[in-house]
Structures are given as structure tokens and as C-alpha cells.
Amino acid sequence: MSEAELLDLAARAIDRDTWSIARLITLFEDRRPQCAADRALVLKHLERAGARPDGRFLGMTGAPGAGKSSLIGRAAQRLIESDHQVSLAVLAVDPSSHISGGAILGDRTRVRFPLDERRLFFRSQASDQELGGVSRSTFQAGRLLMRLFDLIVVETVGIGQNEIEIQYIADRVYLVMQPMAGDQVQFMKAGIMEIPDCFILNKCDQEDATRPTYHALRVSMSFARPGEERQLPVLLTSAQSGAGIDDLVADWKSVRNGHGRHSLLDREAYYFQRWVRDEFGRQGLLRLQSSHGSAVDFLRKAGDFDQAQLKFAAEQAN
């Protein structure tokens, strides 16, 4: 794309034109080195127009069948009905086939936003067979969306207990569970129990099954997270009946109005190291540390995330 086309897309994206945002996300997901300069140009234009990286990230994780997508869809619509100023984007990561490499992107079928509502946006991403629950492009898409929306919900793949990567991007992590998800032993051995800031017991309209699961979860918390001084909240919700949706929306609003868990530099440093590891392996990480000290130091010297990628790639080519 020409510079004029990029600037036109950026201008339209500020007005939350869905097609323009989707085109720009495709640019941010593109891992070819020549796209870094285009991304930097778009971000520079957005910030000149007042679109600052102030959006907050909400991580929604949990096993398949817990009802994450339906819950997100219902809560997102309730959010914008209750506040006419707020905007929200959903970034849903779907599993990729280890055989074909393709992805069905099925979460999109469970979240339906009004076509004329520009304050809501939905994007599916294939996991690209990455472990950890998010794809290699999730942070890149988030860099754009955090300048256009107040809240960005990242829905993880939903495969199992190793979905802990979300903690490095989200300001608040929610673990969505369903009744009869497990007993105390299951909860204690689940590694993902160690990262949420809030638990959501969804499908609470199944009352007979919800009650024992709720008590098992409460009992297990002190064992699964020894030394934890906070009393972590457990929200009871149902996307079907609407129960507890207002509580979830209120929690989302508290994140929007509070301080973020991670600074932009923190996130960039983590994902820059991850990019170096993916592209150049352990030797690349060692060269980063031995020649430049840390990812933060390198980012500061380079000026921004995109320039850091270009500079480091050029160094490795020489």
C-alpha cells in the first residue's frame, strides 16, 4: 500500500470504520520485515491524531465448552448499552489444525454485534499452532486496537492448563469455568489456576451443578495459590439467562478506570524478546543480552517496537 492509502486507512480507523480497522490489523499481523515501516507510519499518524495507547486488555481464558464466546458477546452488548462513551474490541484466538494449518474461526459464530455499532469490533485470529493460548500476532493486533478502543478482550484458544501467555498482555485475567469442571484435586493441579485475577463460574442457571462446583473452587483456592493474600472474586454468570452479566460488566469497567497492570514498554519488551526467540532462536536471545543488555535497553535505543525489529534483523544479517 502507498503512504496515502495507509494514512487514509488510519484516518478512517479513528472513526472506527470496521473495514479499515480489519485492513490495518492484517498489516499488523504480517510478519514480513518490510511491513514494520508501514506499521510505524500508521501508529505515528494515529498518535498525532490523538489516538493514544490507553486501551486496557481483558484476558478471557478457560477450557472449551465453558461458554467464553457467548459470555463475551452478551457482556459486550450490555457494556455499551450501559455507557454511551465506552468502546470495546474482541480479539478471539482459535486453534489451528496441526494437519492442514487452517482454522475454523468458530468463535465468530457465537458473537454477533449489531452491524451499525462502531463501538464494538470483533476479530478472529488463528493460533498458528502456538502454545500458551495466544498467537504470535495477538500482541501486534493489540498494539493497533489499544489506540482505537477503550477495552480489548482477548479470548484465548481454550485448550487446556498451559494457557498462561495471556498474563503478559492482559491487565486483568478471567478464568471462565463451567459447573462440574472438576473437584478440589483437579483445581489444585491446574496450572492455569495460578494466574487469574477473577474466576467466572458460567452457566450458573444449572443451579444443582453450580453449587458444589462453587464450593469446591473456593476450598481449592488456598491450596492452588498458597501465600495469596487477596480474596479473589468468583462471579456467577449465565449468558443464557443474563444472570451475573451486570457484575461482569462492572468488573470490566473497573479495569478501564483503573491503572493498567503492564506499561506499553513492559509489553513491548516481553514480545520483542519473544520475537527474537522465534526468529533467531536461543542464539539470538544471547546476542541481544550480551550486546545490548536487555530488550528494554534495545527498544529505547531503537525508538519504538517496529524500529527495534528492523534494527535487530539488520544486525543479524550482517
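Above this note sits the structure.
My aim in this report is to walk through the structure given alongside it, one point at a time. None of the values given here were measured: they were computed from a predicted structure.

**Some details on the sheet that holds strand S6 (residues 198-201)**
Point 1. Across the sheet, which stays open at both edges, the 7 strands sit in the order S3-S2-S4-S1-S5-S6-S7 with parallel pairing between neighbours. A single partner strand is all that each edge strand has here, and the edge strands are strand S3 (120-126) and strand S7 (234-236). The mean inter-strand angle of the sheet, taken between neighbouring strand axes irrespective of direction, is 20°.
Point 2. Here strand S2 (residues 88-94) pairs with S3 via 7 bridges, running parallel.

**Here we look at the packing of aromatic side chains**
Point 1. Tallied over the full model, the rule gives 13 aromatic pairs.
Point 2. Between the aromatic rings of Phe-139 and Tyr-271, the centroid separation amounts to 4.6 Å while the plane-to-plane angle is 5°, which identifies the pairing as stacked. Of this pair, Phe-139 sits in helix H5 (residues 138-145) while Tyr-271 sits in helix H9 (residues 264-292), placing them 132 residues apart in sequence. Residue Phe-139 shares its accessibility class with Tyr-271, and that shared class is buried.
Point 3. A centroid spacing of 5.0 Å and a plane angle of 85° characterise the contact between Tyr-270 and Tyr-271, whose relative ring orientation is edge-to-face.
Point 4. Clustering of aromatic rings is evident, with ring pairs tying together Phe-139, Tyr-168, Tyr-270, Tyr-271, Phe-272, Trp-275, Phe-280, Phe-298, Phe-305 and Phe-312.

**Notes on the nonpolar core**
Point 1. Counting residues in each nonpolar core, the largest one holds 58 residues, and the members touching the most others are Val-42, Leu-145, Phe-199 and Phe-272.
Point 2. For this core, the element with the highest residue contribution is H9, accounting for 7 residues.
Point 3. Each residue touching Phe-272, except ones within four places of it in the same chain, is listed here: Leu-288, Ala-295, Phe-298, Leu-299, Phe-305, Ala-308, Gln-309 and Phe-312.

Conventions used here
Residues numbered from 1 in each chain as written. Predicted model: local features only at pLDDT ≥ 70, side-chain atom pairs only at ≥ 80, totals over all residues. Heavy atoms only, no water. Pairing = 2+ DSSP bridges. Helix = DSSP H or I, 4+ residues; strand = E, 2+ residues; numbered from the N terminus. Axes fitted to C-alpha atoms, helices over the stretch in contact; angles between N-to-C directions. Phe/Tyr/Trp six-rings, centres within 6.5 Å; stacked < 30°, edge-to-face > 60°. Buried < 20%, exposed > 50% of the residue type's maximum accessible area, 1.4 Å probe, protein only. Core = buried A, V, L, I, M, F, W, Y, C linked by side-chain atoms within 4.5 Å. Contact = heavy atoms within 4.5 Å.

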